[in-house]
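# Geometric and topological summary
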Amino acid sequence: MTNQRVCIIGGGPGGLASVKALNLEPSKSAIDLYELRSSFGGVWNYYPQKSKIRTDEEIKDNEIKDYSPVYKHLETNVIHELMAFSNFPFTCQNEFPTHEEVLKYLLDYSETIGDIDNLYFNHKVVEVIKIGNQWEVTAQSSKGSITKSYDYVIAANGHFYKPFYPEIPGLEQWHVNDPYSLTHAKFFNDGVDFKDKTVVLIGGFSSGSDIALHLSRYAKKIYVSLKPDAKVMGELDKINPFIEIIPEISSLDYESKTITTNDGQTIETDSIIVCAGYFYDLPFLKYSTICKKHYIDELYKQIFWYKDPSLMFLGLGRNVNPFPMIELQASVIARVITRRIPLPTMEEMEISYLEDIKQSGRGKSFHDYKPPKDLEYTKYWQDVIIQHQAQHGLNSPVYEGRRLELKMKAGEIKDQRIKSVNQKFLFKRGLISPSYP
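Numbering of residues starts from 1 in every chain and runs along the sequence as written. With pLDDT at 70 or above as the cut-off, local features in this predicted model cover only qualifying residues; side-chain atom pairs require 80 or more to be listed or tallied, and sums for whole chains, interfaces and linings still use all residues. For side-chain calculations, the full set of non-hydrogen atoms in the structure is used, while hydrogens and water are omitted.

### Looking at empty space enclosed by the protein
Using a grid of 1 Å spacing that covers the protein atoms alone, one calls a set of points a cavity when a 1.4 Å probe fits there but cannot get out, and a pocket when the set is open and has protein on both sides within 12 Å along at least five of seven lines; lining residues are those with an atom within 4 Å of a point. Grid points are joined across faces, edges and corners, and a volume is the space filled by probe spheres set on the points. Following the criterion strictly, the structure yields three cavities of 30 Å³ or more and no others. What lines the largest cavity is simply Val320, Asn321, Pro324, Met325, Leu328, Asp374, Thr378, Ser396, Pro397, Tyr399 and Lys407. Where the lining of the largest cavity is concerned, the elements lending two or more residues are α8 (322-337) and α10 (373-387). Where helices and strands are cited, they refer to DSSP runs of H or I of at least four residues and of E of at least two residues respectively, numbered from the N terminus. Looking at which element gives the most residues to the lining of the largest cavity, the answer is α8, with three residues. Each pocket or cavity is described by its volume, and for the second largest cavity that value is around 60 Å³. Together, Ala155, Asn157, Gly158, His159, Phe279, Tyr280, Asp281, Leu282, Ile296, Phe313 and Leu316 line the second largest cavity. Charged residues are taken to be Asp, Glu, Lys and Arg, nonpolar residues to be Ala, Val, Leu, Ile, Met, Phe, Trp, Tyr, Cys and Pro, and polar residues to be all remaining types, Gly included. Split into classes, the residues belonging to the lining of the second largest cavity amount to seven nonpolar, three polar and one charged.

### Here's the deal with the packing of aromatic side chains
When two rings of Phe, Tyr or Trp (its six-membered ring) have centres within 6.5 Å they constitute a pair, described as stacked for plane angles under 30 degrees, edge-to-face for angles over 60, and tilted for the intermediate range. This model, assessed by the stated rule, comprises 24 aromatic pairs. Geometrically, the ring pair formed by Tyr47 and Tyr67 is stacked, given 4.2 Å between the ring centres and 15 degrees between the ring planes. With Tyr47 in the loop between β2 (29-35) and α2 (56-65) and Tyr67 in the loop between α2 and α3 (80-83), this pair connects stretches of sequence that are 20 residues apart. Here the aromatic rings of Tyr369 and Tyr377 are separated by 5.1 Å at their centres, their planes lie at 70 degrees, and the arrangement is edge-to-face. For Tyr369, a relative accessible area of 8% puts it in the buried group. For Lys301, the ring lying beneath its charged end belongs to Tyr380, and the centroid distance is 4.5 Å. Summary of the burial criterion: residues with accessible area below 20% of their type's maximum are buried, those above 50% are exposed, and those between are partly exposed, where the area comes from a 1.4 Å probe applied to protein chains only. Our definition puts a charge over a ring when NZ of Lys or CZ of Arg is within 6 Å of the ring centre and also within 35 degrees of the ring normal.

### Describing the pattern of salt bridges
Whenever a carboxyl oxygen of Asp or Glu lies within 4 Å of a side-chain nitrogen of Lys or Arg, that contact is scored as a salt bridge. As enumerated under the stated definition, the model contains 20 salt bridges in all. In this structure, Lys221 engages Glu244 in a salt bridge whose closest nitrogen and oxygen atoms are separated by 3.3 Å. Residue Lys221 is found in strand β11 (residues 221-225), and its partner Glu244 is found in strand β12 (residues 243-246); the two are separated by 23 residues along the sequence. With relative accessibility at 31%, the residue Glu244 sits in the partly exposed group.

### Overview of the pairing of strand β10 (residues 198-202)
Among the five residues of β10, five are classified as buried, and the element is accordingly described as predominantly covered. Bridge analysis of β10 against β11 gives five bridges, and the strand direction is parallel. The residue of β11 that forms the bridge with Val199 is Ile222. Looking down the strands as they point away from the viewer, one classifies a crossover as right-handed if the path from the first strand across the helix to the second runs clockwise. Between the parallel pair β10 and β11, the chain is carried across by helix α6 (residues 206-215), and the sense of this crossover is right-handed. Here, strands pair whenever DSSP counts at least two bridges between them.

### Notes on the sheet that holds strand β16 (residues 271-274)
Reading across from one edge, β9-β16-β10-β11-β12 is the order of the five strands in this open sheet, with parallel pairing throughout. The sheet terminates laterally at β9 (182-184) and β12, the two strands that pair on one side only. Neighbour-to-neighbour, the strand axes of this sheet turn through a mean angle of 25 degrees, independent of strand direction. Bridge count for β11 against β12 is four bridges, and the pairing is parallel. Bridged to Ser225 within β12 is Ile246. Interaxial angle, 0 to 180 degrees, is taken between N-to-C directions of lines fitted to C-alpha atoms, where a helix line uses only the stretch in contact.

### Quick notes on the nonpolar core
Core analysis: the largest hydrophobic core is formed by 115 residues, its most contacted members being Ile154, Leu201, Leu215 and Phe313. Top contributing element to this core by residue count: α8, with 10 residues. Throughout, a contact is declared for two residues whenever any of their heavy atoms are within 4.5 Å. Setting aside chain neighbours within four positions, we find Phe313 in contact with Ala155, Leu282, Leu285, Ile290, Ile296, Leu299, Gln302, Ile303, Trp305 and Ile333. In these notes, a set of buried Ala, Val, Leu, Ile, Met, Phe, Trp, Tyr and Cys residues joined through side-chain atoms within 4.5 Å is what counts as a nonpolar core.

### Here's the deal with the environment of Thr76
Mapped onto the fold, Thr76 is located in the loop between α2 and α3. For the pair Thr76 and His99, spaced 23 residues apart in sequence, the C-alpha separation works out to 7.2 Å. Beyond its immediate stretch of four places on either side in the chain, Thr76 contacts Trp44, Met83, Phe96, Pro97, Val102 and Arg417. In the analysis that follows, any N or O atom pair within 3.5 Å is treated as a polar contact, provided that within protein one partner can donate a hydrogen and the other can accept it, and provided that, for residues neighboring in sequence, both atoms belong to side chains. Among the polar contacts listed, one links the side chain of Thr76 to the backbone oxygen of Val78, at a separation of 2.8 Å.

### Details of unusual backbone geometry
A negative phi holds for most residues other than glycine; trans holds for most peptide bonds. Cis peptide bonds are those with omega within 30 degrees of zero, and the linkage from Pro371 to Pro372 qualifies with 10 degrees. Unusually for a residue other than glycine, Arg339 sits at a positive phi of about 65 degrees. As for its position among the elements, Arg339 is in the loop between α8 and α9 (346-360).

Any functional reading would require information that these geometric values do not contain.
Here is the structure:
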């Protein structure tokens, strides 16, 4: 079999795992990797100046450079034992690694992945289109643009690129008239920037809960606006006197600096941080049926575009342990490219996709693999690899023994972390004694 030409978009965890998986296959692939930044690490490359981004012009600059949503004191909410790639443990001392430790981990991991035929740092992929039997990939850099042909394209660029702002009356007007008091979680950097201020957060899932926690060390008051069925992690509103849950916001008024909630409350605020997540945005793909606002559509098993499975995705999952899930998907992709694992027919893949849509619905829920769904998904692909006697190569961690035990306790461990950090911050504000656990 002739060498397959493979384009990998993204030099973060997904891109690195894809390179390693391909290089561990019995047959060689010709690998090109495109990365927008100047080094590996992807989203874990911290950019502290991002906190100054507010105006439309500055936000457009983000669309060019894709600043990381990582903030100054971010640490993972997954313990390092569950976060690590297979046979490559974290060496840090912190149970929940800091973003500096995660970046170091990825840079160390990059030394193990093997050769890349052409590595294009500082290149932004602007178009991916199928012409005949080949994918034409165009990328731009400060030196101009290049276009190359490939047999396969792996989109491993993540989904923290384009911030999502909900459609709330007055929000856009507020941002246009006073952009320095309304921002997105992507551009948050440090709670000290909001010292003695009243802050409203729109959304309170993972990033919203953690940002509320970091704000509580300095802010005068934090209101977290949630949908009726949502809650902040670790029940922060019950253990932190600075944090209060409010209903969804019905309108904003920048002139009076107030927000109004669905139950009629009017609250004055100094700042607003939108913590509503991100679009699943892949502007380089010129196929309107794939990229929806809140999910990537037409996928077989979250990886393969069923209409043409030579276009592949990884790292789209929500509520998963990202690195092991990425490694699993990379191991599958590599085996499909080298034809050690066959895919079903297009018709069979479409049926499977429609069944997934029926069970999960369209939108963000399509990528939601909260336990035990992620465990079932992992076992499915690991069984496929065994079934086709394709165990040689990159293999993702198996959930059994201690790893399974920790996985089943992941939610409890996250809540314990939040409560511990909360006590530390309250102690620093003089609200609890130094005898806290």
